[in-house]
Amino acid sequence: MKTWKELAGEVIGGAELTNEEALSILESPDEELLELLHGAYQIRKHYYGNKVKLNMIINTKSGLCPENCGYCSQSSVSDAPIEKYRMVDKDTIMKGAENAHKLNVGTYCIVASGRGPSNREVDHVVSAVKEIKDQYNLKVCACLGLLKGDQAKRLKEAGVDRYNHNINTSSNHHENITTSHTYEDRINTVEQAKAQGISPCSGIIVGMKETLQDVVDMANSLKVLDADSIPVNFLHAIDGTPLEGTNELNPRYCLKVLCLMRFINPTKEIRISGGREVNLRSLQPFGLYPANSIFVGDYLTTAGQEGTADHQMLEDLGFEIDYVKEGSGQTLTLS
């Protein structure tokens, strides 16, 4: 039987995992976890060294969504007591960009709830993105829902670098999570962004009563989709949503999922995203051995930990922040 380090070497050499090998990562005994993390780290180190990319979200429009996604506090089927508001003004978006710049964040993510953006909302985002690009050397990611081709083109022309639209779960499990849009709708939106030259970002939510095979299928689907950035969310079940009370995860399994993503998508940005704090808990630092990217600050309707705590975690690990020096076009590192 191959060791995890041997399997990692094969992946670096260009091999792809068999389905059995992929499942064995998720089924591996906890006493092998450190060896598994070491194998995943060999792949991560080969492509990214010890650099960590930082990302920050601004929730520009909250609630008021007609979709019925079972995990989401902003959906039409949620009774969660969240703040609801229409799209915020440009000054608010700019203040978020300024804060991201001060924290050495590389990618600033403009997120809005809803099935998809109206043309007026796209106009608003386009105006803000142009100003952000004029003032700060930030990558901008937009996450606005299902996208039309002409909207994707306008976002690209404004300077949007990346578009996020998560597959969230496997095609097999999709209808158990939402029925107001199809799995293919999500794939098509990512393809619309790719067609305009926008970097595709698509990820998953783990812990929604899916099977181990579903998780493997998600990882392989993202490989086929060729997503440049893969956010890995761990369900933070919110009271008032259909998945209220769901608690299937433990920190060790979450780390195995991150390792799986690295083994199957070795060259991609693997980002630890929502639910990191409540699911990885004291094992958060270990997540950065397979992953090379995290969100700092708050998420959409749930709180993250202080950005300074994340910076301290990176320093304690001996990892470096990967950011772009303003006006230089050069990627530097800060320890």
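Residues numbered from 1 in each chain as written. Predicted model: local features only at pLDDT ≥ 70, side-chain atom pairs only at ≥ 80, totals over all residues. Heavy atoms only, no water.

Asker: Give me the overall build of the protein chain: which residues, what numbers.
Answerer: Summing up its helical and strand segments, the protein chain has twelve helices and eleven strands in all. Taking 335 residues into account, the globule formula puts the C-alpha radius of gyration at 20 Å, and the protein chain, at 19 Å, falls close to it. Structurally, the protein chain occupies a C-alpha span of about 60 × 45 × 35 Å along its principal axes. Sorting the 335 residues of the protein chain into buried and exposed places 55% on the buried side. Long-range pairs, those at least 24 residues apart, make up 75% of the contacts in the protein chain between residues at least 6 apart in sequence. (Helix = DSSP H or I, 4+ residues; strand = E, 2+ residues; numbered from the N terminus. Rg over C-alpha atoms; globule rule 2.2 N^0.38 Å. Buried < 20%, exposed > 50% of the residue type's maximum accessible area, 1.4 Å probe, protein only. Contact = heavy atoms within 4.5 Å.)

Asker: Explain the pattern of salt bridges to me, using residue names and the numbers behind them.
Answerer: Pairing between side chains of opposite charge can happen when the charged atoms of each approach one another. Across all of its chains, the model carries 18 salt bridges by this definition. The partner of E269 in a salt bridge is R271, and the shortest N-O contact between them spans 3.7 Å. Of the residues examined, E269 reaches a relative accessible area of 3% and is grouped as buried. A salt bridge links R276 to E277; the nearest nitrogen and oxygen atoms lie 3.5 Å apart. Of the two residues examined, R276 and E277, each falls in the buried class. Salt bridges here are not isolated pairs; linked through shared partners, they connect K2, E10 and E21. (Salt bridge = Lys/Arg side-chain N within 4 Å of Asp/Glu carboxyl O.)

Asker: Got a sec to walk through the confidence of the model for the protein chain? Specific residues and values, please.
Answerer: Looking at the protein chain, the pLDDT average stands at 90 and 92% of residues meet or exceed 70. Predicted confidence for residues 325-335 stays below pLDDT 50, and this span has 29 contacts to residues more than four positions away or in other chains. (pLDDT = per-residue confidence, 0-100.)

Asker: Lay out the packing of aromatic side chains in plain terms, naming residues and giving numbers.
Answerer: Taken as a whole, this structure holds three aromatic pairs when the rule is applied. Look at Y41 and Y289: their rings are 5.4 Å apart centre to centre, the planes differ by 75 degrees, and that puts the pair in the edge-to-face class. Of this pair, Y41 sits in helix α3 (residues 33-48) while Y289 sits in the loop between α11 (276-280) and β9 (293-295); the two residues are 248 residues apart in sequence, bridging distant segments of the chain. Overall, Y41 belongs to the buried group, its relative accessible area being 13%. Here F286 and Y289 contribute two aromatic rings whose centre-to-centre distance is 6.4 Å and whose plane-to-plane angle is 40 degrees, an arrangement assigned as tilted. Across from the ring centre of F319, 4.9 Å away, lies the NZ or CZ of R44, which sits over that ring. (Phe/Tyr/Trp six-rings, centres within 6.5 Å; stacked < 30°, edge-to-face > 60°. Lys NZ or Arg CZ within 6 Å of the ring centre and 35° of its normal.)

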